[in-house]
2 protein chains.
Amino acid sequence: MTVLDKFFQGDQAALARIISFVEDNEDGYREVLGKLYPKSGRAARIGFTGPPGAGKSSLVNNVSKALASNGKTVAVIAVDPSSPFTGGALLGDRIRLTDMPTDGSIFIRSMATRGSSGGLAAATGNVTTVLDAFGFDYILIETVGVGQIELDIVDACDTVVVVLVPESGDSIQTLKAGLMEIADIFTVNKADRPGAENIVMELNMTLDLKRDQMAWDIPVISTEAVNNIGIDKLLEKISLHMDYAVKSGWLEKHRRKQIRKKIYNILTFYVNGMIREKLAEMPDLERVVSDIYEGRGDPYSASRDLVKLSGMTFNNF
Amino acid sequence: MTVLDKFFQGDQAALARIISFVEDNEDGYREVLGKLYPKSGRAARIGFTGPPGAGKSSLVNNVSKALASNGKTVAVIAVDPSSPFTGGALLGDRIRLTDMPTDGSIFIRSMATRGSSGGLAAATGNVTTVLDAFGFDYILIETVGVGQIELDIVDACDTVVVVLVPESGDSIQTLKAGLMEIADIFTVNKADRPGAENIVMELNMTLDLKRDQMAWDIPVISTEAVNNIGIDKLLEKISLHMDYAVKSGWLEKHRRKQIRKKIYNILTFYVNGMIREKLAEMPDLERVVSDIYEGRGDPYSASRDLVKLSGMTFNNF
């Protein structure tokens, strides 16, 4: 029996092997993803993002436990872009988990890489496809929300929960624009701290200005993840958002957009790899580089010449 | 007289116009960069990175004032990747500056974008080329050090100053690996706070393990940027690093590597643009997307078919 057969029978060891295979871009990983893809698309994909220290890990843990106790299967992807300044923090949190069910209803995978930024978002997308094809009901994707990579990752989710803390209130004015674009649900976590009510009110006031233009009425709730308070409310809002997304047709539009994006990403990933390879093989490259280094040329003209040499035709170049 | 003529005569208004022209990728910006490029390469490019709140802006301000008072011209690029969670903070700091010389010896430019991650690093590189061609002696590039984009940006500098604070000591074990790779100089800023000596010692102990393998002996200093303490020491270390870089041949190797990287980036930027355009024009794309959405295909096979249709040949696909 092949690993794929075992995978389709629900074997978690086979799942882990296929995830590693896909993450490492091993030979033939695209064929495997090609086979899994048509089985995917059934899981609800929920993204959790917010500033470091907002308590996203605790929230995701308690949400996954609540879903599991309702009979759902849950996969958690913890994404850590591993900047040298944040590296390890998220994964450190994960290691501390001790009270998760061991019946296979919750599967946790951490992802971190120093690779290119596009690489991490793509790898997260591929692992999501694998988990979705495996049959999980929910895929929860948690990112430390501090950059473009994380935004690319949550943009691929169906529902995005933005997690803030009372202290975020100080900078809410500068945060607003970007957050409103990505949030489907706001939760003010660590709501037992001073200022929680203020930031809930302030978010609501900002949202009130646009509620008549919003197809989905973005809710603002408060939670205390470590005390397991507010989790049911959050699950209810997630469920309402999924209903809205399906019934309004938004989900279909969103998923189609993701497919277009995926085709573009697959194409550029390979074409860029080919360019890298062609450049490495090019006997003339070092002469061109020397000319530029010595002030007898520039990389813009050189690139145009290289395209001509290659015989490829590009509009707009 | 054209804007370019004025630019080459040292007109700062022309400089600002050309920077905007290049930043906005206006028609013909590559031709302009092609003309400027051979005039660039003389400026010393110093990157400053470190965690949010490390005092990088104050440090860069005082370094640039010290350089200006030594008769040097300085351009400062403040890069803010504008995550919704950090957006605006850096630029906010910049606006508060009031004590900078107004004789044109210091030129400050903030860069921020929500665009793709590759876009910001590329735009920063292009603006650096413009400033270098204009004739600035030093280009100081400051980034909030929290992600891959910032690493790509500082990687293009000749000398990288990593700015830490005493509080960074808590997480130094997890930070170490990545920091050692990018730092040419460490400074522990806000050194009047408790723990400063400890983190200096800890960094030195870590470096001691590898000093016999290091061609450049990475120094660890301490500064108090807001009190203007330690700036001379930092300038001395920067100057020593530049001497080392020139004399050892490292700088030439590094600059050649940057040229190769730039050619690759220019090629992929345009090829990816072309792919985007071709996809948008393709009458069949929506049918392909529908097939995938309805479970009758997958984006991996579809991408392979699209490459075949396009007539392009790729090894490895």
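In this report, the structure presented in the accompanying data block is examined. The shown structure was predicted, so the numbers you read here are calculated from the model rather than taken from an experiment.

Rules used throughout
- Residues numbered from 1 in each chain as written.
- Chains lettered and ligands numbered in written order.
- Predicted model: local features only at pLDDT ≥ 70, side-chain atom pairs only at ≥ 80, totals over all residues.
- Helix = DSSP H or I, 4+ residues; strand = E, 2+ residues; numbered from the N terminus.
- Buried ≥ 20, exposed ≤ 12 C-beta atoms within 10 Å, placed from the backbone.
- Contact = placed C-beta atoms within 7 Å.
- Expected span 1.5 Å × (residues − 1).
- Arc of directions from axis to C-beta.
- Pairing = 2+ DSSP bridges.
- Axes fitted to C-alpha atoms, helices over the stretch in contact; angles between N-to-C directions.
- Left-handed = near helix turned anticlockwise from the far one by under 90°.
- Nonpolar A, V, L, I, M, F, W, Y, C, P; charged D, E, K, R; others polar.
- Parallel < 35°, antiparallel > 145°, perpendicular 65-115°, else oblique.
- Core = buried A, V, L, I, M, F, W, Y, C linked by C-beta atoms within 7 Å.
- Domains from an automatic or database assignment.

Take the overall build of chain A next. When helices and strands are counted, chain A shows 13 helices and seven strands. Counting across all 317 residues of chain A, residues that qualify as buried make up 45%. Contacts in chain A between residues far apart in sequence, at least 24 positions, make up 73% of those at least 6 positions apart.

Residue and element names in this part refer to chain B. Between its terminal C-alpha atoms helix 2 (residues 12–23) stretches 16 Å, which fits the 16 Å expected from twelve residues at 1.5 Å a residue. Residues of helix 2 that are buried include every one of L15, I18 and I19, and no others. Taken end-on, helix 2 shows its buried residues confined to a sector of 105°, consistent with a single buried face. Among the exposed residues of helix 2, those pointing more than 90 degrees away from its buried face are A13 and S20. After helix 2 finishes, the residue N25 shows a positive phi value of roughly 50°.

With that settled, consider the sheet that holds strand 3 (residues 106–112) of chain B. Residue and element names in this part refer to chain B. In space, the seven strands of this open sheet follow the order 3-2-4-1-5-6-7, with parallel pairing throughout. Bordering the open sheet on either side are strand 3 and strand 7 (220–222), each of which pairs with just one other strand. When the angles between neighbouring strand axes are averaged without regard to direction, this sheet yields 20°. Relative to strand 6 (residues 185–188), strand 5 (residues 159–164) runs parallel, the two being bridged by four bridges. Counted as the bridge partner of V162 is F186 from strand 6. Contacting strand 5, strand 6 and strand 7, helix 9 (residues 196–208) crosses the sheet at an angle of about 170° to strand 7. Running at roughly 170° to strand 6, helix 10 (residues 231–247) makes contact with strand 1 (44–49), strand 5, strand 6 and strand 7 of the sheet.

Attention now goes to the packing of helix 11 (residues 250–281) of chain A against helix 11 (residues 250–281) of chain B. As a packed pair, helix 11 of chain A and helix 11 of chain B sit with axes 10 Å apart at the nearest point and diverge in direction by 145°. Judged by the twist between their axes, the crossing of helix 11 of chain A over helix 11 of chain B is right-handed. Of the residues in helix 11 of chain B, those touching helix 11 of chain A at I263, Y264, L267, T268, V271, N272, I275, R276 and L279 of chain A are I263, Y264, L267, T268, V271, N272, I275, R276 and L279 of chain B. Split by residue class, the contact of helix 11 of chain A with helix 11 of chain B holds twelve nonpolar, four polar and two charged.

So, on to the packing of helix 4 (residues 56–69) of chain B against helix 10 of chain B. All names here are of chain B. Axis separation between helix 4 and helix 10 bottoms out at 10 Å; the angle between their running directions is 75°. Taken together, the axes of helix 4 and helix 10 lie roughly perpendicular to each other. Here N62, V63 and A66 of helix 4 come into contact with helix 10, specifically with I231, L234 and L235. A breakdown of the residues in the contact of helix 4 with helix 10 according to their chemical character gives five nonpolar, one polar and no charged.

Let us look at the nonpolar core. Formed by 158 residues in total, the largest nonpolar core has its most connected members in L140 of chain A together with L140 of chain B. Per-domain counts for this core show at least three residues from each of domain 1 (35–251) and domain 2 (263–310) of chain A. Residues within four places of L140 of chain B in sequence aside, it is in contact with I46, F48, V60, V63, S64, V74 and V76 of chain B.

In this section: helix 10 (residues 231–247) of chain A. All names here are of chain A. When the terminal C-alpha atoms of helix 10 are compared, their 24 Å separation across 17 residues agrees well with the 24 Å that a helix rising 1.5 Å per residue should span. Of all the residues in helix 10, the buried ones are I231, L234, K237, I238, H241 and A245. Relative to the axis of helix 10, the buried residues are bounded by an arc of 125° and lie together on one face. Seen from the buried face of helix 10, the exposed residues on the opposite side, beyond 90 degrees, are D232, E236, S239, D243 and K247. Here the buried face of helix 10 lies against strand 1 (44–49), helix 4 (56–69), strand 5 (159–164), strand 6 (185–188), strand 7 (220–222) and helix 11.

Take the environment of M111 of chain A next. All names here are of chain A. Within the secondary structure layout, M111 lies in strand 3 (residues 106–112). Along the sequence, M111 and T187 sit 76 residues apart, while their C-alpha atoms lie 24 Å from each other. Beyond its immediate chain neighbours, meaning those up to four positions away, M111 contacts I77, V79, A123, T124 and V127.

This part covers the sheet that holds strand 1 of chain A. Residue and element names in this part refer to chain A. Across the sheet, which stays open at both edges, the seven strands sit in the order 3-2-4-1-5-6-7 with parallel pairing between neighbours. Each of the sheet's edge strands pairs with one partner strand only, and the pair in question is strand 3 and strand 7. Between one strand and the next, the sheet's axes are offset by a mean angle of 20°, whatever the strand orientation. Note that strand 1 and strand 4 (residues 138–143) share five bridges and pair parallel. Residue pairing across strands places A44 opposite Y138, the latter belonging to strand 4. Lying on the sheet, helix 4 is in contact with strand 1, strand 2 (74–80), strand 3, strand 4 and strand 5; it crosses strand 4 at an angle near 175°.

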